[in-house]
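Notes for the structure review
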Amino acid sequence: MHRGKGMKFVGDSRVPDKAKFVPPKDYSEYPGKTEVFLPNFLLKEWMVGAVFLIGFLILTMSDAAPLEKEADPTSSGYIPLPDWYFLFLYQLLKYPYASGHFKLIGTVIIPGLAALALLLAPWLDRGFERRPVKRPIATGIMLLTVVSIVYLTWEATVSHNWALSEEQGKIVKQVEVDKSSKGYQLYSQNCAGCHGNNLDGGVGPALIGQNLPEAVVESMATKGGGNMPPGVFKGSEEDLKTLAKFVSEVSKK
Amino acid sequence: MLQKVYDYIDERLDITPLWRDLADHEVPEHVNPAYHFSAFVYCFGGLTFFTIVIQILSGMFLTMYYVPDINNAWDSVYYLQNQVAYGQIVRGMHHWGASITIVMVFLHTLRVFFTGAYKKPRELNWIVGVLLFFVILGLGFTGYLLPWDMKALFATKVGLQIAESFPFIGDWIKLLLQGSDIVGAQTLARFFAIHVFFLPALLMGLMAAHFLMIRRQGISGPL
């Protein structure tokens, strides 16, 4: 930087007072068909950005962001699921060599080594060659990592029970339930363990809004069906009728 | 007129070098999709920046309605989603934008890796880039809890168990993030602070470093 005698400054500032305009370097000095960033290239980029934004807005309007029911820390049996980009880590923890006693392998060692290798890539791959085919080890390891991530994510999605997942998180509207009735007493003895104290679901699905006929309730309570085992209801025929009537009525709300 | 305004400011602040660094530079042929269509892979970095801008703007609007406490968090999100005009779109942009940012940052990392652009003299920019990747994953993890719905709570519990399994410092990390013995009010407050203040501040600092370095060094040459 030019310093000292002969320099002029603007007022008492440190900004140099330059008498004449300094023209920018001519682009013909660069090889190839280079282009000015502003405005030529930026305008094109802007158009691509606009198309990208339209596609993105169509996505947000066609698919609303999901929201499950409010968190209930007392709920048990909820099968957790991370966001899709963490599924591969989640899947890794399901394999026997990376869970239980070997949990550290799945939670710390494999992800830690991968992160460290990524961070230190410039020092692990020190050659001057930049083309991927000329540095097969680096390229191979990266391809293997990408394939593993895709495979683990895929495995996690196919092994996850999406129907149950949707059921367990569904927002259920709160309904007034007459908790002093005979029907509710029977319900709380026989069904509430799975279907929730307010018929709003738990391990089993919510019953509110299902619009169940009495006959279906009776048959499910005795014979089971779906994920529900048979013989859950224990009691007299008359109690079964009362219970079925109660559940059927609430389920229509 | 505009020229006079520019000259007035330039005389006092000498902005021409700043302006030249920011906007007045060449785009070499090998990264310009107008000349080689396959050069679209060089756009992933710019698109990542674009999605981050979307995230920051939509996030700013979300905080106008979001209430970070366990009694009101879910209700405020539900209200925003179902009652507020265009609330669903603002929340949708932030939700889907998060996924798209992750995809773009992943593709950008792969492009830089496979073109060997991280090699000397660009090692330091690679380090900053990988740190940005981790910060963005951290934003994804902390943001997932904020709607305070079932999947948020239980996924965060699993995430904190994973943090706890770290040798020596695991308990300390878990306590730092969780704030109390359970995943509850303290945890939500901390995740909110981390998601809205700590990580974005880090993100912007790292991005500034990332861009300063790329401007200094220029885009890596053709293969």
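Residues numbered from 1 in each chain as written. Chains lettered and ligands numbered in written order. Predicted model: local features only at pLDDT ≥ 70, side-chain atom pairs only at ≥ 80, totals over all residues. Heavy atoms only, no water.

**Section: the interface of chain B and chain A**
Accessible area lost during the coming together of the parts is what is often quoted as the interface size. The cut-off we apply is this: A contact between two residues is defined here by any heavy atoms of the two lying within 4.5 Å. Accessible surface is computed with a 1.4 Å probe, and the buried area is the amount of it that two parts give up when combined, taken over both parts together. By convention in these notes, a salt bridge is any Lys or Arg side-chain nitrogen within 4 Å of a carboxyl oxygen on Asp or Glu. Under the rule applied, a polar contact is a pair of N or O atoms within 3.5 Å (in protein, one hydrogen donor and one hydrogen acceptor; residues adjacent in sequence only if both atoms are side-chain atoms). Elements are defined by DSSP. Helices are runs of H or I of four residues or more, strands are runs of E of two residues or more, and each kind is numbered from the N terminus. Under this grouping Gly is polar, as are all residues other than the nonpolar Ala, Val, Leu, Ile, Met, Phe, Trp, Tyr, Cys and Pro and the charged Asp, Glu, Lys and Arg.
On the side of chain A, 71 residues touch chain B, which itself brings 81 residues to the contact. Interface area for chain B against chain A, summed over the two sides, is near 7,000 Å², with a carbon-plus-sulfur share of 71%. At the boundary of chain B with chain A, the tally comes to one salt bridge. Among the ionic pairs, K119 of chain B bridges to D125 of chain A, the shortest N-O distance being 3.1 Å. Inspection of the chain B/chain A interface yields 25 residue pairs in polar contact (both at pLDDT 80 or more). Of all the secondary-structure elements, those providing two or more residues to the side of chain B that touches chain A are α1 (2–13), α2 (16–22), β1 (26–27), α3 (44–62), α4 (73–82), α5 (87–114), α6 (123–145) and α7 (150–164) of chain B. With 17 residues, α5 of chain B is the single largest residue contributor to the side of chain B that touches chain A. Taken together, the residues of the side of chain B that touches chain A sort by class into 50 nonpolar, 16 polar and 15 charged.

**Concerning the domain arrangement of chain A**
Where we set the bar: Throughout, the edges of the domains are those of an automatic or database domain assignment.
Each assigned domain of chain A is listed with its residue range as follows: domain 1 (84–160) and domain 2 (182–251). Computed over C-alpha atoms, the centres of domain 1 of chain A and domain 2 of chain A are 47 Å apart.

**Topic: the side chain of K151 of chain B**
Tracing the chain through its elements places K151 of chain B in helix α7. Excluding anything up to four places from it in sequence, K151 of chain B contacts P66, L67, E68, Y78 and L81 of chain A together with Y144 of chain B.

**A word on the packing of helix α8 (residues 170–178) of chain B against helix α9 (residues 185–217) of chain B**
Residue and element names in this part refer to chain B. For clarity, the cut-off: Note on method: axes are straight lines fitted to C-alpha atoms, helices fitted across the in-contact stretch only, with angles between N-to-C directions ranging 0 to 180 degrees. For classification purposes, an angle smaller than 35 degrees is called roughly parallel, one larger than 145 roughly antiparallel, one from 65 to 115 roughly perpendicular, and anything else oblique.
Orientation of α8 relative to α9, taken along the N-to-C sense of each, is 90 degrees, at an axis distance of 7 Å. As far as their axial angle goes, α9 and α8 are roughly perpendicular. Within the contact between the two elements, α8 uses L175, L176, L177 and Q178 and α9 uses Q186, T187, R190, F191 and I194. Each residue belonging to the contact of α8 with α9 can be placed in one class, and the counts come to five nonpolar, three polar and one charged.

**With respect to unusual backbone geometry**
Trans peptide bonds make up most of the peptide bonds, and negative phi angles are found at most residues other than glycine. Following L38 of chain A, the chain continues into P39 of chain A via a peptide bond in cis, with omega recorded as 5 degrees. Relative to the helices and strands, P39 of chain A is located in helix α1 (residues 37–62). Of the consecutive residues K120 of chain B and P121 of chain B, the connecting peptide bond is found in the cis state with omega at 10 degrees. Counting through the fold element by element, P121 of chain B comes out in the loop between α5 and α6. In this structure, N211 of chain A is a non-glycine residue whose phi angle is positive, near 55 degrees. Phi at D14 of chain B takes a positive value of approximately 55 degrees, unusual for a residue other than glycine. Within the secondary structure, D14 of chain B sits in the loop between α1 and α2.

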